[in-house]
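Descriptive structure summary
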Amino acid sequence: MLRSSAVVVDEDGTVLKASAPTYALGLVRGRELVDPVLTEMIDQVRRDGQIREQEISMTRPGYPTRTVVARVAPLRSRLVLALIEDRTREHRVEAVRRDFVANVSHELKTPVGAIRLLSDAVVEASDDPEAVERFAMRMKKESERLSVLVQQIIELSRLQGDDPLEQADPVSVDDVIEAAIDTSSIDASARQVTVSVQCDGDLVVLGNEGQIAMAVGNLVKNAVTYSPTGATVAVTARSLDNFVEIAVTDQGIGIPAADIERIFERFYRVDPARHRSTGGTGLGLSIVKHIAAVHGGEVRVWSVEGQGSTFRLRLPRSHDLPDEDEALVAPPASRTPEEPRALVPASPPSESRTTPTAITAQHQEERP
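Rules used in this analysis
Residues numbered from 1 in each chain as written. Predicted model: local features only at pLDDT ≥ 70, side-chain atom pairs only at ≥ 80, totals over all residues. Heavy atoms only, no water. Helix = DSSP H or I, 4+ residues; strand = E, 2+ residues; numbered from the N terminus. Buried < 20%, exposed > 50% of the residue type's maximum accessible area, 1.4 Å probe, protein only. Contact = heavy atoms within 4.5 Å. Areas by Shrake-Rupley, 256 points an atom, 1.4 Å probe, with all protein chains shown as cover. Pairing = 2+ DSSP bridges. Axes fitted to C-alpha atoms, helices over the stretch in contact; angles between N-to-C directions. Core = buried A, V, L, I, M, F, W, Y, C linked by side-chain atoms within 4.5 Å. pLDDT = per-residue confidence, 0-100. Patch = residues over 30% accessible without salt bridge, like charges linked within 9 Å, V, L, I, M, F, W, Y side chains within 5 Å. Salt bridge = Lys/Arg side-chain N within 4 Å of Asp/Glu carboxyl O. Lys, Arg positive; Asp, Glu negative; His and termini not counted. Charge placed at Lys NZ, Arg CZ, Asp CG, Glu CD. Parallel < 35°, antiparallel > 145°, perpendicular 65-115°, else oblique. Left-handed = near helix turned anticlockwise from the far one by under 90°.

Quick word on the overall build of the chain
Secondary structure assignment for the chain yields 10 helices and 15 strands. For the chain, with 368 residues in total, the buried portion stands at 39%. A separation threshold of at least 6 residues defines the contact pool for the chain, and within that pool the share at least 24 residues apart is 66%. When the accessible area of the chain is evaluated, it comes to approximately 21700 Å², of which 50% is carbon and sulfur surface.

Okay, here's the thing in structure tokens:
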């Protein structure tokens, strides 16, 4: 009936009763207490009869560190009762929250500080029109970066509170890709980057159209931003059993093997200096990962430094079945796949020529 794990110890320190989690946590082995901190607490309670509570960090070779809270009290004259609660998950969540707040504070501080310094420079150079114009343009760039950062923080917070599968709708992959390319069309034209698209027929996924469009849009924007002038970005969509895979391939700088495992972390940047020049915030891929997870999908990345990257977003496919009466009259008409709107560049280098580094941001729970 107790929520906590329980251990009952006699006057000799022998364990009389222990619940199963205490063995799994490594606190008890056979009839003996293993953890020295818990043993010392029990000895102190036995001596003075005072109830004690303490947080214990447990480290075992080959196992991650666990944090438990032990509450020890006398039980009759000869016995001592210890109640142990595993607080490891709560500590991890709190650590993530602290890191997030610290990162947000740091990221906001940079553009705000830059705008303040630039405003002071404008005041001091009020008699120099060229300097005023130069500083004003810098202020505009920093303010735009600040606006994007705040907007992405708001989007990420809103995504964490929504469950798109509670009221899921069929979403056209064609429409999502078209919206994503339209969003990045100005940047692509400025960098002379060609975006080609090829989709296998009328593909439909299940979820929230706005969130899926945001995820694909972030992938396309990254591909355009980090591609050299005159390069080609390929966006393809195909059906894989019960999933639809949307792949975005670029011919950009690629991702170093040492950084590829962390690119989906919030605020993580492969090259901070380059992110400052391109206006990156380090939140785009984190948003993509979260959207994929809450939709029951996943996002994968293939990349070789200097050769480009391919991001693959997989989402559950929507199976639209015909009405029962229509099925009795005639089978649903087959549709011919649309012709590709542009030629797709060659696929990434095969594994026979290079050994690509890949990582998967797995979904939290696979949904039908």
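Topic: the pairing of strand S12 (residues 243–249)
With six of its seven residues buried, S12 lies for the most part within the structure. From the end of strand S11 (residues 232–240) to the start of S12, which pair antiparallel, there are two residues, and Asp-241 there has a positive phi angle of about 55°. With seven bridges joining them, S12 and strand S14 (residues 308–316) adopt antiparallel strand pairing. Opposite Val-244, over in S14, you have Leu-315 as the bridge partner.

Focus: the sheet that holds strand S1 (residues 5–9)
If you walk across this open sheet you meet the five strands as S2-S1-S7-S6-S5, and the pairing is antiparallel. The open sheet has two edge strands, strand S2 (15–18) and strand S5 (52–58), and neither has a second partner. The sheet shows a mean angle of 25° between the axes of neighbouring strands, direction not considered. Here S5 runs beside strand S6 (residues 66–75); their pairing, made up of seven bridges, is antiparallel. Note on S6: the bridge partner recorded for Gln-54 is Ala-70. Packing against the sheet, helix H2 (residues 36–48) makes contact with S1, S5, S6 and strand S7 (79–86), and its axis sits at approximately 165° to S5.

A look at the nonpolar core
Within the largest apolar cluster, 46 residues are counted, with the highest numbers of intra-cluster contacts made by Val-173, Ile-177, Val-216, Ile-246, Ile-263, Phe-311 and Leu-313. Those residues in contact with Leu-313 that lie beyond four places of it in its chain are Ala-215, Val-216, Leu-219, Val-244, Glu-245, Ile-246, Ala-292, Glu-298 and Val-299.

Regarding the confidence of the model for the chain
Overall, the prediction assigns the chain a mean pLDDT of 77, with 79% of residues at 70 or greater. Segment residues 273–279: pLDDT under 50, and 12 contacts once partners within four positions in sequence are set aside and those in other chains are kept. Counted against residues more than four places away or in other chains, residues 320–360, with its pLDDT under 50, gives 54 contacts.

Focus: the pairing of S14
Counting buried positions over the nine residues of S14 gives seven, a clear majority of the element. The pairing of strand S13 (residues 298–304) with S14 spans seven bridges and is antiparallel. Among the inter-strand pairings, Arg-300 is bridged to a residue of S14, identified as Arg-312. From the end of S13 to the start of S14, which pair antiparallel, there are three residues, and Gly-306 there has a positive phi angle of about 90°.

Notes on a negative patch on the surface
Taken together, the side chains of Asp-169, Asp-175, Glu-178, Asp-182 and Glu-209 make up a negatively charged region of the molecular surface. A total of three residues in the negative patch trace back to one element, the largest contributor, which is helix H5 (residues 173–183). Following the sequence through the fold, Glu-209 ends up in helix H7 (residues 209–225). Take Glu-209: its relative accessible area is 44%, and that puts it in the partly exposed class.

Thoughts on unusual backbone geometry
The phi torsion of most residues other than glycine is negative, and most of the peptide bonds are trans. Unlike most non-glycine residues, Gln-192 shows phi in positive territory, near 55°. Tracing the sequence through the fold places Gln-192 in the loop between helix H6 (185–190) and strand S9 (194–199). A positive phi angle is found at Asp-241, which is not glycine, with a value near 55°. The residue Asp-241 is located in the loop between S11 and S12 in this model.

Considering the packing of H5 against H7
Angle between the axes and distance between the axes are the two parameters that describe a pair of packed helices. Direction vectors running N to C along H5 and H7 enclose 50°, while the axes themselves pass 8 Å from each other. By the angle between their directions, the pair H5 and H7 is classed as oblique. Remark: the crossing between H5 and H7 carries right-handed chirality. Contacts between H5 and H7 involve Asp-175, Val-176 and Ala-180 from the first element and Glu-209, Ile-212, Ala-213, Val-216, Gly-217 and Val-220 from the second.

Comments concerning the pattern of salt bridges
Per the stated rule, a full pass over the model turns up 12 salt bridges. The salt bridge partner of Arg-47 is Glu-40, with a shortest N-O separation of 3.8 Å. Residue classification places Arg-47 among the exposed residues on the basis of a relative accessible area of 62%. Exposure remark for Glu-40: the relative accessible area of 37% places this residue in the partly exposed category. Here Glu-245 and Arg-238 are joined by a salt bridge, their closest N and O atoms 3.1 Å apart.

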